[in-house]
Amino acid sequence: MTARLDARLALLLTLPPLMWAGNAVVGRLAVGHVPPLALNALRWLLALALLLPLGWRAIGTPQARREVLARWRPLALLGLLGVGCYNALQYMALTTSTALNVTLIASSMPVWMLAIGALFYREHPSRRSILGAALSLAGVAVVMSRGDAMQLAQVRLVPGDLLMLAAIIAWAFYSWRLARPHPLLSGKARPDWDWAAFLMVQTMFGVVWGGAFAIAEAVVAPAPIRWSPMVLLALAYVAIGPSLIAYRCWGLGVVSAGPAMAAFFGNLTPVFAAVLSAAVLGEAPHLYHGLAFALIVAGILVSARR
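A. Structural view of the nonpolar core. If you look at the biggest cluster of nonpolar residues, it comprises 63 residues, and the most contacted ones within it are W171, W193 and W250. Per-element accounting of this core gives the leading share, 11 residues, to helix 4 (residues 72-96). Not counting residues within four places of it along the chain, the set of residues in contact with W193 comprises A58, V68, R71, L75, L185, F198 and V201. The next biggest cluster of nonpolar side chains, apart from the first, holds 10 residues, and it includes V34, Y91, V231 and L235.

B. Fine view of the packing of helix 2 (residues 36-55) against helix 10 (residues 229-257). Put simply, helix 2 and helix 10 touch, their axes get as near as 9 Å, and they point 65° apart. As helix 2 packs across helix 10, the resulting crossing turns out to be right-handed. Together, L39, L42, R43, W44, L46, A47, L50 and L51 of helix 2 and L235, A236, V238, A239, I240, P242, S243, L244 and Y247 of helix 10 make up the contact between the two elements. Residue composition of the contact of helix 2 with helix 10, by class: 15 nonpolar, 1 polar and 1 charged.

C. Summary view of unusual backbone geometry. A positive phi angle, near 55°, is found at R122, a position not held by glycine. Its location among the elements puts R122 in the loop between helix 6 (109-120) and helix 7 (127-145).

Cut-offs and rules
Each chain carries its own residue numbering, running from 1 in the written order of its sequence. The model is predicted, so local features are restricted to residues of pLDDT at least 70 and side-chain atom pairs to those at 80 or more, both for listing and for counting; the totals for chains, interfaces and linings are taken over all residues. As a convention, hydrogens and water are excluded, and side-chain values are obtained from all of the structure's heavy atoms. By convention a nonpolar core is built from buried Ala, Val, Leu, Ile, Met, Phe, Trp, Tyr and Cys residues, the set being connected through side-chain atoms within 4.5 Å. Relative accessibility thresholds used throughout: buried, under 20% of the residue-type maximum; exposed, over 50%; partly exposed, between the two (1.4 Å probe, protein chains only). Per the convention used, a helix needs a DSSP run of H or I reaching at least four residues, while a strand needs a run of E reaching at least two, with both numbered from the N terminus. Should any heavy atoms of two residues lie within 4.5 Å, those residues are counted as being in contact. With axes taken as lines fitted to C-alpha atoms, and helix axes fitted only over the stretch in contact, angles between N-to-C directions fall between 0 and 180 degrees. The crossing is said to be left-handed when, going from far helix to near helix, the turn is anticlockwise and less than a right angle, and right-handed when the turn is clockwise. Amino acids are sorted into nonpolar (Ala, Val, Leu, Ile, Met, Phe, Trp, Tyr, Cys and Pro), charged (Asp, Glu, Lys and Arg) and polar (every other residue, Gly among them).

Spelled out as structure tokens, the structure:
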């Protein structure tokens, strides 16, 4: 059962795509300065350091640490899907794929949310959900085609596109694992964790995954980190905005509205990315951005109607 969409819930689900749009811009700017898997590992290591003062009680006593260890399997899976895989794959995709292809593939998130819900959680989509997904996808297509449908026919898949597809599928599973948590992480079996403690223990396991992937990257394809003020600012942003703020809001939104509903809000990311790109690159927004926004919002409203 999902909550009725209100202003608070809409804000909770709108902030993450705004932060993630900035994350995509920063990730693209970081190409050539920080290797993608190293960027992901550094991002979450810094986020973990910021979470420790807020969620330290989750590991502050021997009993608390035993509770974490007793739940290491579901926590390790959450850390792998939400921390170790999604952003690492996205950063890797941005090194070889175009922004057009990556955003088009990311726009398929509602479809994957609905499919995974139906296949693994017996949550069959309603006609309104399917119609909402179609409207949202149409809005994203308008953004990506710049109002010219012929540009969509020119899209060609590259290895980065497949990486982004894997990232979206990982994120869909992560969102459903939040909405339908493991028995050890739900109800009376779950320890007395607040949001910071729960995100911190996920991040602890995710940093292990991310660190292992970064080490493998350094061995297979070594590349130096070119430290600069821009790199430091980029790390600060991706550790605070897309990590702490976005994950907190997304977790609350997914639990309240459900993964399928949240996925429609995720399709606001390319719209926000267009606005941020205009601010960074000096490109003025166009009328088709407004049309796309209207279609995506229409998809959200249609799927939210009872």
